[in-house]
Amino acid sequence: MSSRDENVRCESGIEVRRIPVALGERSYEVHVGPGLLQQAAKLIEAALGSCRCGIVTDENVAGHHLAKVESGLAKAGTYAGSIVLPAGEATKSFAQLDLLCQQLLEMGLERGDAVIALGGGVIGDLAGFAASIVRRGMRCVQIPTTLLAQVDSSVGGKTGINTPQGKNLIGTFHQPSLVLADTEVLTTLPLRQMRAGYAEVAKYGLLGDAEFFAWLEESWEKVFQHEPAALMQAIGRSIEMKADIVARDETEAGDRARLNLGHTFGHALEAWTGYSDRLLHGEAVAIGICLAARLSEELQLCPPQTAARIAAHLKAVGLPTTVQDIPGPGELPSPDEMVRIMRQDKKVRRGRLALILLRGIGNAFVTRDVEPDYLVEFLGRATG
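Residues numbered from 1 in each chain as written. Predicted model: local features only at pLDDT ≥ 70, side-chain atom pairs only at ≥ 80, totals over all residues. Heavy atoms only, no water.

A. Quick peek at the overall build of the protein. The secondary structure content of the protein amounts to 13 helices and 12 strands. Rg of the C-alpha trace for the protein: 20 Å, near the compact-globule value of 21 Å for 384 residues, within the 12% margin. In terms of overall dimensions, the protein has a C-alpha envelope of 60 × 40 × 40 Å along the principal axes. Taking the intrachain contacts of the protein between residues at least 6 apart in sequence as the baseline, contacts between residues at least 24 apart amount to 72%. For the protein, the accessible surface area stands at approximately 15,400 Å², while carbon and sulfur atoms represent 49% of it. Averaged over its 39 positive side-chain charges, the protein has a centre that lies 3 Å from the centre of its 46 negative ones. (Helix = DSSP H or I, 4+ residues; strand = E, 2+ residues; numbered from the N terminus. Rg over C-alpha atoms; globule rule 2.2 N^0.38 Å. Contact = heavy atoms within 4.5 Å. Areas by Shrake-Rupley, 256 points an atom, 1.4 Å probe, with all protein chains shown as cover. Lys, Arg positive; Asp, Glu negative; His and termini not counted. Charge placed at Lys NZ, Arg CZ, Asp CG, Glu CD.)

Below is the structure:
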């Protein structure tokens, strides 16, 4: 545990971690632990002062958690209203962004008020984007309700929507003022969503902490059983690593790009499947990680059997590890089509595609040295 963490005990007596994201005047804390939804109003007021709060959530999350947050804000006299959006990746669209911005304006929220993103990565990305542009910038509180959002998308300030050209190609960097990652809400998460989020947890071990990945190999079942100590270690270490990287490279000019391990391949697969439930983001990332590992091994950048070890772990968890694992009817994307979509990636510079590859488990790096023609050939071998 980092010495920079500040830890307190929640009402249940279990320790809550407070992990700082050090960005100067825009620094904020990520609280990780049980029972945070019940304390949300108090914690928001402590971090932001007295302000009106508008909640943005989706139909699935609303049935489980909305009333609890609404009640706390209403008792504090800060509740402005709630907006419930359709669930699913398709909600990250211009059409839904337009409607959401209008609803936030109709709610009467002022620039000094706050938008609360209560949900998974889709809600966090969309509500954060809306907060960044409504009244030229409002404050945002992220309350992630999925494992994926808790360990990844709620921290670091990336917001955005999808387009037919690719994933998250329209968006902003807009840091939240506070993140509340309540571990208890994960008990309502479907197993498929829990697995998808776990792909991002494993990613952190692969990109920069071999010991953490080895711990995951031994302890992943405890994480899925919601054993408090294991869950706190998995989530806390992931957030700690992301916070450190974001503090060094907020706008992805360098080191932060390593957080996209598996994402360049994965985003292309998501675009191909139409951002549908056919392939969840974390599932696409799992396949992308395995492709990146196979490419690294083929280029003799990492030790033999690295890709096999990674794939074995992700497969044991229940994640897809090959393009052929994508369910549903229809043809799979051709290698040429995959590379065409990947060329829309935000990290492309002067036409050179950025890939995050591995020198070994716990040692990821960014390269622009893989030629597109070679990538097409590799994908033909990997997906054929």
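After that view of the structure, there is still more to cover.
B. Broad picture of helix H13 (residues 372-383). Taking 1.5 Å of rise per residue, the 12 residues of H13 would be expected to cover 16 Å, and the 16 Å separating its terminal C-alpha atoms lies within 8% of that figure. Where H13 is concerned, the buried positions are Leu375, Val376, Phe378, Leu379, Ala382 and Thr383. Seen end-on, H13 carries its buried residues on one side only, within an arc spanning 165 degrees. (Expected span 1.5 Å × (residues − 1). Buried < 20%, exposed > 50% of the residue type's maximum accessible area, 1.4 Å probe, protein only. Arc of directions from axis to C-beta.)

C. Layout of the side chain of Asp152. Inspection of the secondary structure assignment puts Asp152 in helix H5 (residues 147-153). On the basis of relative accessible area, Asp152 is assigned to the buried category, the value being 10%. Discounting residues that sit within four places of it in the chain, Asp152 has contacts with Glu200, Lys203, Tyr204 and Lys242.

D. Broad picture of the packing of aromatic side chains. For the coordinates displayed, the defined rule picks out three aromatic pairs. The interplanar angle of 10 degrees and the centroid separation of 6.0 Å between the aromatic rings of Phe212 and Trp215 together place this pair among those described as stacked. Here the residue Phe212 and the residue Trp215 both occupy positions in helix H7 (residues 210-224), the gap between them amounting to three residues, near one helical turn. Judged by relative accessible area, which is 25%, Trp215 ranks as partly exposed. Counting every residue linked through ring pairs, the aromatic cluster contains Tyr198, Trp220 and Phe224. The ring of Phe365 is capped by Arg359, whose NZ or CZ atom sits 3.8 Å from the centre of that ring. (Phe/Tyr/Trp six-rings, centres within 6.5 Å; stacked < 30°, edge-to-face > 60°. Lys NZ or Arg CZ within 6 Å of the ring centre and 35° of its normal.)

E. Molecular detail of the nonpolar core. Counting 104 residues, the largest nonpolar core has Val30, Leu147, Tyr198, Phe265, Leu355 and Leu375 as the members making the most contacts within it. Not counting chain neighbours up to four residues away, the residues in contact with Tyr198 comprise Leu147, Leu216, Trp220, Phe224, His313 and Val317. Grouped together as the second largest cluster of nonpolar side chains are 22 residues, Ala80, Ile83, Leu104 and Ala117 included. (Core = buried A, V, L, I, M, F, W, Y, C linked by side-chain atoms within 4.5 Å.)

F. Just the side chain of Arg258, in detail. Secondary-structure assignment places Arg258 in the loop between helix H8 (228-248) and helix H9 (263-272). Overall, Arg258 belongs to the buried group, its relative accessible area being 16%. Among the polar contacts listed, one links the side chain of Arg258 to the backbone oxygen of Leu207, at a separation of 2.8 Å. (Polar contact = N/O pair within 3.5 Å; in protein donor to acceptor, adjacent residues only side chain to side chain.)

G. Looking closely at unusual backbone geometry. Despite not being glycine, Tyr275 has its phi angle at roughly 50 degrees, a positive value. Checked against the element boundaries, Tyr275 lands in the loop between H9 and helix H10 (281-298). Classification of Tyr275 as buried rests on a relative accessible area of 12%.

H. How the structure looks around the packing of helix H3 (residues 94-106) against helix H4 (residues 121-133). Remark: H3 packs on H4, axes separated minimally by 10 Å, with the N-to-C direction vectors making an angle of 55 degrees. If you check the angle between H3 and H4, you find them oblique. Between H3 and H4 lies a crossing of right-handed hand. Mapping the contact onto sequence places Gln96, Leu97, Leu100, Cys101 and Leu104 in H3 and Leu126, Ala127, Phe129, Ala130 and Ile133 in H4. Here the contact of H3 with H4 is composed, by residue class, of nine nonpolar, one polar and no charged. (Axes fitted to C-alpha atoms, helices over the stretch in contact; angles between N-to-C directions. Parallel < 35°, antiparallel > 145°, perpendicular 65-115°, else oblique. Left-handed = near helix turned anticlockwise from the far one by under 90°. Nonpolar A, V, L, I, M, F, W, Y, C, P; charged D, E, K, R; others polar.)

I. Here's a closer look at the pattern of salt bridges. Throughout the structure, instances matching the rule amount to 20 salt bridges. Arg17 serves as the salt-bridge partner of Glu240, at 3.4 Å between the closest nitrogen and oxygen. Here Arg17 lies in strand S2 (residues 15-21) and Glu240 lies in helix H8, a separation of 223 residues in the sequence. Each member of the pair, Glu240 as well as Arg17, is classed as buried. One salt-bridge network, in which partners are shared between bridges, spans Glu89, Lys92, Asp125, Lys167 and Glu270. (Salt bridge = Lys/Arg side-chain N within 4 Å of Asp/Glu carboxyl O.)

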